[in-house]
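Given next are the chains, with one letter for each unit.
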Amino acid sequence: MYWLALLLSLLVVAPAELQAAETDAGMEQFRRGIESFENGNLQAARANFENAVAAGLTSPSLYYNLGVTCYQLGDYAAAETAFRALLDGSNGALARYNLGLVALGKGDQNAARDWFEQSASAGAPEKIRALSLAQLNELGDHAVLPVGQAGGRGYLALSGGYDSNIAGLPEATASREGGVFVDTLAAGTFEQPAGARSRFALEVAAYARRYPSEGTYDTRGLQGRLGWSEALNNGERGALMSVVQSWFDSRPLERRYGVEGYYRWNRCAFAGSPDQCGLALAAATVDGSSGFDAYDGQWYRARLHALNYYGSWRLDGEYALEINDRRDLSTTDEFISVSPHHHTVEMAARYRWQPDLVIGVLGSIRHSRYQASHVVVASAGESGRRKDNRLEVGVLAERSLDTRWLVRGEWLIRDNRSSLAQYGYERQTVMLTLEGAF
């Protein structure tokens with residue numbers, strides 16, 4: 001590949017840096033690594049470079065050569081860690097360019113675009129800037145804004161499908177009715193660099209689902225977020241504020257005012273040594289609209305996510321704890337809790353079968369326990385403490401049409417078992433989506 005040849009052409013060892021080696025042992029390991037690399041023995045080269053790091057050598061050339069070697073071996077997480085160590089030095093533009101190549105190797109075009117935009121900014125060495133602009137052109141981006149000037153991008157998804165059991169309000173019973181639906185999701189992001197590693201971002205997203213035959217179940221949502229993030233040597237950290245307004249059957253449902261903080265690591269110290277993991281904590285206050293006062297209250301969530309690559313496979317796993325503390329629905333005859341505690345485990349496996357075709361399977365298990373017992377009239381269902389166990393499995397296939405557009409097909413099956421009979425249901429959803437990034 002052309003860009004791979006360019007990467008290797010930049011593999012250089014600066015004599016001045018070698019003279020500044022911190023330890024003789026590290027220097028010797030570094031030299032052995034270069035020899036092994038030139039002889040085509042990548043495993044030995046990597047071992048020698050890592051030994052040089054362990055011996056105390058911190059030369060930028062060492063980290064660069066280690067990153068290139070790990071990249072050639074297909075260990076993208078290790079390559080990313082090595083290149084991130086160079087972000088703050090004089091080789092920052094080169095590091096960002098190579099981080100873009102690593103992201104492409106992972107199949108993450110959005111992240112690749114971010115890195116190439118940074119390495120193509122004004123002030124970057126002309127050779128790096130030219131290579132970055134060429135990559136952006138391949139990705140479909142034809143304009144790059146200089147450092148200090150805001151940039152933006154957009155996202156659009158159009159979906160259509162069939163829902164065998166249309167859901168109503170959150171935590172309510174299913175409708176027992178099926179119908180065709182149409183989804184629209186549009187989002188835009190505007191970013192302002194705030195230094196070599198950090199940036200501010202303003203995001204706006206709008207979502208709508210319409211059931212042509214069952215308009216009383218139509219839903220809409222509008223979200224705005226203002227966030228800050230910082231790239232670190234071993235990952236990323238950030239924080240954001242958000243406002244979300246939702247509608248049900250053309251009526252305002254609720255408005256959320258939230259905050260969230262997150263931290264992502266590369267090469268996590270968990271079982272299996274995932275390539276990436278992250279922790280996110282979020283909280284929001286919820287104002288139910290007129291007629292939906294039961295949803296007033298607080299919402300909290302903690303998420304732990306892990307990601308790993310095995311050749312053409314991408315594996316994702318996540319655990320989430322969600323706590324709702326709402327007003328609940330109380331009348332003279334009934335009490336219905338809408339304050340569940342959710343424990344959710346999700347898994348997904350995607351396989352890149354062809355360069356432009358990905359297939360995958362996904363599944364999740366969610367256990368829910370409501371804070372107070374339901375009290376309803378006998379004709380409306382059962383009373384008691386509500387406990388749900390929900391299982392969801394699905395398959396998907398997506399094909400890239402070009403650098404901007406892809407089409408995805410999904411089939412999801414959901415089975416919810418509840419301690420209260422009226423909340424048990426089965427549901428199948430088939431959906432086809434056209435998705436584009438700009």
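Heads up: the structure comes first, above all this text.
A brief report on the enclosed structure follows.

What counts and how
- Residues numbered from 1 in each chain as written.
- Predicted model: local features only at pLDDT ≥ 70, side-chain atom pairs only at ≥ 80, totals over all residues.
- Heavy atoms only, no water.
- Salt bridge = Lys/Arg side-chain N within 4 Å of Asp/Glu carboxyl O.
- Helix = DSSP H or I, 4+ residues; strand = E, 2+ residues; numbered from the N terminus.
- Buried < 20%, exposed > 50% of the residue type's maximum accessible area, 1.4 Å probe, protein only.
- Core = buried A, V, L, I, M, F, W, Y, C linked by side-chain atoms within 4.5 Å.
- Axes fitted to C-alpha atoms, helices over the stretch in contact; angles between N-to-C directions.
- Left-handed = near helix turned anticlockwise from the far one by under 90°.
- Contact = heavy atoms within 4.5 Å.
- Nonpolar A, V, L, I, M, F, W, Y, C, P; charged D, E, K, R; others polar.

Here the idea is simple: oppositely charged side chains can pair when their charged atoms come close. For the structure on display, the rule yields 24 salt bridges. A salt bridge links D183 to R209; the shortest N-O distance between them is 2.7 Å. Highlighted residues: D183 in strand β2 (residues 179–193) and R209 in strand β3 (residues 198–210), separated in sequence by 26 residues. Neither residue differs from the other here; D183 and R209 are each classed as buried. The structure contains a network of salt bridges with shared partners spanning E260, R301, R303 and E318.

Turning our eyes to something else, we now look at the nonpolar core. If you look at the biggest cluster of nonpolar residues, it comprises 39 residues, and the most contacted ones within it are F30, F49, F83 and F116. Counting residues per element, the ones that place at least two in this core are α3 (24–38), α4 (42–54), α5 (60–72), α6 (76–84), α7 (92–106), α8 (109–119) and α9 (126–138). For this core, the leading source of residues is α7, giving 8 residues. Of all hydrophobic cores here, the second largest spans 11 residues; its members include I166, Y217, L253 and V338.

Our next topic: the packing of α3 against α5. Running from amino to carboxyl end, α3 crosses α5 at an angle of 35°, the nearest separation of the two axes being 11 Å. Taken as a pair, α3 and α5 cross one another with a handedness that is left-handed. Along the contact surface, α3 presents F30, I34 and F37, while α5 presents S61, L62, N65, V68 and T69. In terms of residue class, the contact of α3 with α5 is made up of 5 nonpolar, 3 polar and no charged.

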